Amino acid sequence: MALTYQQGGWALLQNCHLGLEYMTELFGYLGRVERCHPDFRVWITTEPHPGFPMSLLQIAIKFTSQPPAGLRAGLKRTYGSMSSHMFNYSPREEYTYLLFTTSFLHTVVQERRKFGPLGWNIPYEFNYADWYASCLFMQNHCDSLSKKDTVSWITV
């Protein structure tokens, strides 16, 4: 990280609630730095945790992101993140239905997470990366079909 803070680079540390000892060490390291580049940034992603170092939180600018509430808002967010190229990728009529179904499933799973054990037995996010991977699978599946073939619903 020495070159990063001297040259104005950025560092991204994800899931920091899983490494609380390192967060304390990071705070000490940042406190010892005498001069750093004005463009230097450390981005930290974390879930709320009672053991997270309060001193690090006090010197930080905090940003929170909450998923939208409701199916309509979730679908709008998913479709808002979609490019027109992705939406119009395949000329097959089934593609738009597959895309909507995957987006709807993604939104429902995200909405049900709020209910904890009442929502699902085993917590699983089906996050944006999973949604995107599913859409790419559908694109590849549609590409592999000839004009006479139909979508293999068992595969999907």
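Residues numbered from 1 in each chain as written. Predicted model: local features only at pLDDT ≥ 70, side-chain atom pairs only at ≥ 80, totals over all residues. Heavy atoms only, no water.

- For the protein chain, an unreviewed UniProt entry supplies the name Dynein heavy chain 8, axonemal-like and the organism Diaphorina citri.
- Its UniProt record gives the protein chain a comment under Sequence similarities (unreviewed entry), which states: "Belongs to the dynein heavy chain family." (UniProt positions renumbered as here; feature names shortened; annotations may be inferred.)

1. Quick notes on the layout of surface pockets
Now for step 1: What the second largest pocket holds in volume is close to 210 Å³.
Now for step 2: Around the second largest pocket, the lining residues are Tyr-97, Leu-98, Thr-101, Thr-102, Leu-105, Phe-126, Ser-134, Phe-137, Met-138, Trp-153 and Val-156.
Now for step 3: Secondary-structure elements contributing two or more residues to the lining of the second largest pocket are α6 (93-112) and α7 (128-144).
Now for step 4: No other element matches the five residues that α6 contributes to the lining of the second largest pocket.
Now for step 5: Per-class residue counts for the lining of the second largest pocket are eight nonpolar, three polar and no charged. (1 Å grid on protein atoms, 1.4 Å probe; cavity = no way out; pocket = protein on both sides within 12 Å on 5 of 7 lines; lining within 4 Å. Points joined across faces, edges and corners; volume = space filled by probe spheres on them. Helix = DSSP H or I, 4+ residues; strand = E, 2+ residues; numbered from the N terminus. Nonpolar A, V, L, I, M, F, W, Y, C, P; charged D, E, K, R; others polar.)

2. Observations regarding the packing of aromatic side chains
Now for step 1: With the rule as written, the count across this model stands at six aromatic pairs.
Now for step 2: Judged by centre distance (6.1 Å) and plane angle (65°), the rings of Tyr-79 and Phe-87 are edge-to-face.
Now for step 3: Judged by its relative accessible area of 27%, Tyr-79 falls in the partly exposed class.
Now for step 4: Relative to Phe-104, the ring of Phe-100 lies with its centre 5.9 Å away and its plane at 25°, an arrangement referred to as stacked. You can see Phe-100 and its partner Phe-104 sitting in helix α6, four residues apart, about one turn around the helix.
Now for step 5: For Phe-100, a relative accessible area of 39% corresponds to the partly exposed category.
Now for step 6: According to the relative accessible area criterion, Phe-104 is partly exposed, its value standing at 35%.
Now for step 7: One aromatic cluster is present, formed by Tyr-128, Trp-131 and Tyr-132 through successive ring pairs. (Phe/Tyr/Trp six-rings, centres within 6.5 Å; stacked < 30°, edge-to-face > 60°. Buried < 20%, exposed > 50% of the residue type's maximum accessible area, 1.4 Å probe, protein only.)

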